[in-house]
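Okay, here's what each chain looks like letter by letter:
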Amino acid sequence: MIKIVSFKICPFVQRVTGLLEAKNVPYELEYISLKDKPEWFLELSPTGQVPILITESGQALFESDAIIEYIDEIFAPIETDLSPEDRAFDRAWSYQASKHYLVQCSTMRSGDKEILTERTEKLGKAFAKAEKQLTSGTFTNNSSEGSFFKGEQLSNIDIAWLPLLHRAEIIQRHTGYNLLKGFPNVQAWQTAVMKTGLAEASVAKDFEPAFTDFYLSEQTWLGNQEKCAPEGSNNADSACASGTCC
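As the structure is a prediction and not an experimental result, all values here were calculated from the model.

> Provide a residue-level description of helix H6 (residues 113–136), including the pertinent values.
Compared with an ideal rise of 1.5 Å per residue, which puts 24 residues at 34 Å, H6 spans 33 Å between its outermost C-alpha atoms and is within 8% of the ideal. At Lys125, H6 shows its largest bend, some 30 degrees. Between the side-chain oxygen at the start of H6 and the backbone nitrogen of Glu114 there is a gap of 3.1 Å, and the oxygen is on Asp112.

Here is the structure:
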């Protein structure tokens, strides 16, 4: 059985575990602390970052993009009969997601409203591109057809965007702050992806408390909104790169 070495709230890891869950591939999972990285992990990871995938033969693979390609090569794909153009399309849109993981991390850790607004606008550029594609494509938010990025069928693109959509859902539910404001088709897509259950299946059982402890702490503007907002309300105004996250 393959093994994933993970940091509990890292979006890059969730992309990997999300794909494994979507393919129904069994795997072991071990969590480490990035503040106190064990020596055995540092020996396996040239970058000192998660995720690490350890194959059944004992080979350690690093870099999430390489791990995703490996998983697609050895396990049955989510979608069948994809042309080279289709696969390139999937990779391009998946990259649009993964290159914004750290942008979302820094946005959620913003210490004041001005910084949060500025970073939300930067993150919004990714969602604007997705909104445009969804609007021009087969997507419809009024029926089951077209629920996912490419239509009825779940794809690698949905898995790549899962960490962004999942975290945005948690932030809105806890604080009322909508990172997807102004992008109705992206919000409908988020709903469809969340309904698959992959968000919960691809993270630890205590993921949400760990996530909110870090991103909704007293150090963040969003965290202070959570403390001020009554439970269930929606009255909030609409450091990964440092190594403390991923």
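Don't stop here, the text continues.
> Now, about the environment of Ala210: what can you tell me, with residues and values included?
Here Ala210 lies in helix H10 (residues 207–215). Separated by 201 residues in sequence, Ala210 and Ile9 place their C-alpha atoms 7.1 Å apart. For Ala210, the contacting residues outside a window of four places in its chain are Lys8 and Ile9.

> Any chance you could break down the pairing of strand S1 (residues 2–6) for me, citing the residues and the numbers?
Across the five residues of S1, four count as buried, placing the element largely inside the fold. The sheet contact formed by S1 and strand S2 (residues 27–31) spans five bridges and is parallel. Note that in S2 the partner of Lys3 across the bridge is Glu28. The sheet contact formed by S1 and strand S3 (residues 52–54) spans three bridges and is antiparallel. If you follow Lys3 over to S3, its bridge partner there is Ile54.

> Quick rundown of the packing of aromatic side chains? Include the residues and the values.
Throughout the structure, instances matching the rule amount to eleven aromatic pairs. Here the aromatic residues Trp93, Phe127, Phe149, Trp161, Phe183 and Trp189 are joined through ring pairs into a cluster of three or more. Cation over ring: Lys3 sits above Trp40, and NZ or CZ is 5.9 Å from the ring centre. Lying over the aromatic face of Phe214, Arg109 brings its terminal NZ or CZ to 4.2 Å of the ring centre.

> Go over the environment of Gly58, please, and point to the residues and values.
Here Gly58 shows up in the loop between S3 and strand S4 (60–62). You can call Gly58 partly exposed: its relative accessible area is 46%. Along the primary structure Gly58 and Lys3 are separated by 55 residues, whereas in three dimensions their C-alpha atoms are 9.3 Å apart.

Scoring rules and cut-offs
- Residues numbered from 1 in each chain as written.
- Predicted model: local features only at pLDDT ≥ 70, side-chain atom pairs only at ≥ 80, totals over all residues.
- Heavy atoms only, no water.
- Helix = DSSP H or I, 4+ residues; strand = E, 2+ residues; numbered from the N terminus.
- Expected span 1.5 Å × (residues − 1).
- Bend = angle between axes of the 7 residues up to and from the residue.
- Polar contact = N/O pair within 3.5 Å; in protein donor to acceptor, adjacent residues only side chain to side chain.
- Contact = heavy atoms within 4.5 Å.
- Buried < 20%, exposed > 50% of the residue type's maximum accessible area, 1.4 Å probe, protein only.
- Pairing = 2+ DSSP bridges.
- Phe/Tyr/Trp six-rings, centres within 6.5 Å; stacked < 30°, edge-to-face > 60°.
- Lys NZ or Arg CZ within 6 Å of the ring centre and 35° of its normal.

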